[in-house]
Amino acid sequence: MNALEFFQKSAGKWRSQRTTHHLAFRRAEKGGSEIYVNPLNADDPKVIEICQMHEVEPTGAIGGAYVKWDGTMAWDKDDDENHSGETVFALVPDDETGRKGKLLRERGYAEVMPVIGRYEIDAEDALVLITDYPSMSSYERFWFPAPNVRMRASTVQRFGGFSQATFCTEELIEGVDQAENSEDTVSSTNLPAIASIFGW
């Protein structure tokens, strides 16, 4: 399995339940979200645009994905913090296997800015994403224990020692055809201004 095939397997709408451990505060926070994943072909205009944004030759991309999420966290019930957003990214492999390479993001999940991360399909066919930001780094691992269940574990390390750890269980609730019919037209020019850490 290469990275594009992993996202093709992830296509559709998912219901996510997650627990985030704020290690510096010794507290845990529960939350949930709905996540929509739509894989994109290599010739999709959005994939080409992301490559051009990062000054990467678009012919090197094998495809990408559009991801939209809408979630809540327990601590934010009375706040205005936004846990909704959308992003587009492109996969640029290191070799013909497509199992590792660069992940070009329109916006990061830990910081709202264009960013280039690394991806790798490990020996167990799990997808690993590693992204370094100016003030932190993130590590995410996704895997399928069943075709309609996806698991995700992630950590955030802030420079200076502050860190978080999150575990998610995600259940497929709509196949890609149903989900596409229920989604609004994708707009990559009008994105929310705020993204929470691992909001999706």
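So, here's what we can say about the structure. Bear in mind that the values here come from a model prediction, so they are computed numbers and not experimental data.

## Overview of the overall build of the protein chain
Alright, step 1. Counting its secondary structure elements, the protein chain contains three helices and ten strands.
Alright, step 2. Along the protein chain, from the amino end to the carboxyl end, the secondary structure elements read α-β-β-α-β-β-β-β-β-β-β-β-α.
Alright, step 3. Here the protein chain holds 200 residues, and the buried ones make up 48% of them.
Alright, step 4. For the protein chain, the proportion of contacts with a sequence separation of at least 24, taken over those separated by at least 6, is 54%.
Alright, step 5. For the protein chain, the accessible surface area stands at approximately 9,700 Å², while carbon and sulfur atoms represent 48% of it.

## Observations concerning the nonpolar core
Alright, step 1. Among the nonpolar cores identified, the biggest contains 19 residues, and Phe7, Leu91, Tyr119 and Leu127 are the most heavily contacted of them.
Alright, step 2. Elements with a contribution of two residues or more to this core: α1 (3-9), β2 (27-40), β3 (63-73), β4 (84-93), β6 (115-121), β7 (127-132) and β8 (136-146).
Alright, step 3. When residues of this core are assigned to their parent elements, the largest contribution, four residues, is made by α1.
Alright, step 4. Contacts of Phe7, omitting those with residues within four sequence positions, involve Val37, Pro39, Ala65, Phe89, Leu91 and Leu127.

## Focus on the environment of Trp69
Alright, step 1. Examined against the element boundaries, Trp69 turns out to sit in strand β3.
Alright, step 2. Its relative accessible area of 2% is what places Trp69 among the buried residues.
Alright, step 3. Taking C-alpha positions, Trp69 is 9.4 Å from Trp14, a pair spaced 55 residues apart along the chain.

## Comments concerning helix α2 (residues 45-53)
Within an α-helix, residues lying three or four positions from one another point in the same direction, as the helix has 3.6 residues per turn.
Alright, step 1. Residues Val47, Ile50 and Cys51 constitute the buried set of α2. Buried residues along α2 cover an arc of 100° about the axis, so they all sit on one side. Those residues of α2 that are exposed and aimed more than 90 degrees away from the buried face are Pro45 and Gln52.
Alright, step 2. Between the side-chain oxygen of the N-cap and the backbone nitrogen of Lys46 there are 2.8 Å, and the N-cap of α2 in question is Asp44.

## Brief notes about the packing of aromatic side chains
Alright, step 1. According to the stated counting rule, one finds five aromatic pairs in the structure shown.
Alright, step 2. Relative to Phe7, the ring of Phe6 has its centre 6.1 Å away and its plane inclined at 80°; by these criteria the two rings are edge-to-face.
Alright, step 3. A relative accessible area of 3% places Phe7 in the buried class.
Alright, step 4. Measuring from centroid to centroid gives 6.0 Å for Tyr36 and Tyr66, while their planes differ by 65°, and the two rings are edge-to-face. Residue Tyr36 is found in strand β2, and its partner Tyr66 is found in strand β3; the two are separated by 30 residues along the sequence.
Alright, step 5. Since its relative accessible area comes to 5%, Tyr36 is described here as buried.
Alright, step 6. Within the aromatic cluster, the residues linked to one another by ring pairs are Phe6, Phe7, Trp14, Phe89 and Phe144.
Alright, step 7. Above the plane of the ring of Trp143 lies Arg141, whose end atom (NZ or CZ) is 5.2 Å from the centre.
Alright, step 8. Sitting over the face of the ring of Trp14, Arg150 holds its NZ or CZ atom 5.6 Å from the ring centroid.

What counts and how
Residues numbered from 1 in each chain as written. Predicted model: local features only at pLDDT ≥ 70, side-chain atom pairs only at ≥ 80, totals over all residues. Heavy atoms only, no water. Helix = DSSP H or I, 4+ residues; strand = E, 2+ residues; numbered from the N terminus. Buried < 20%, exposed > 50% of the residue type's maximum accessible area, 1.4 Å probe, protein only. Contact = heavy atoms within 4.5 Å. Areas by Shrake-Rupley, 256 points an atom, 1.4 Å probe, with all protein chains shown as cover. Core = buried A, V, L, I, M, F, W, Y, C linked by side-chain atoms within 4.5 Å. Arc of directions from axis to C-beta. Polar contact = N/O pair within 3.5 Å; in protein donor to acceptor, adjacent residues only side chain to side chain. Phe/Tyr/Trp six-rings, centres within 6.5 Å; stacked < 30°, edge-to-face > 60°. Lys NZ or Arg CZ within 6 Å of the ring centre and 35° of its normal.

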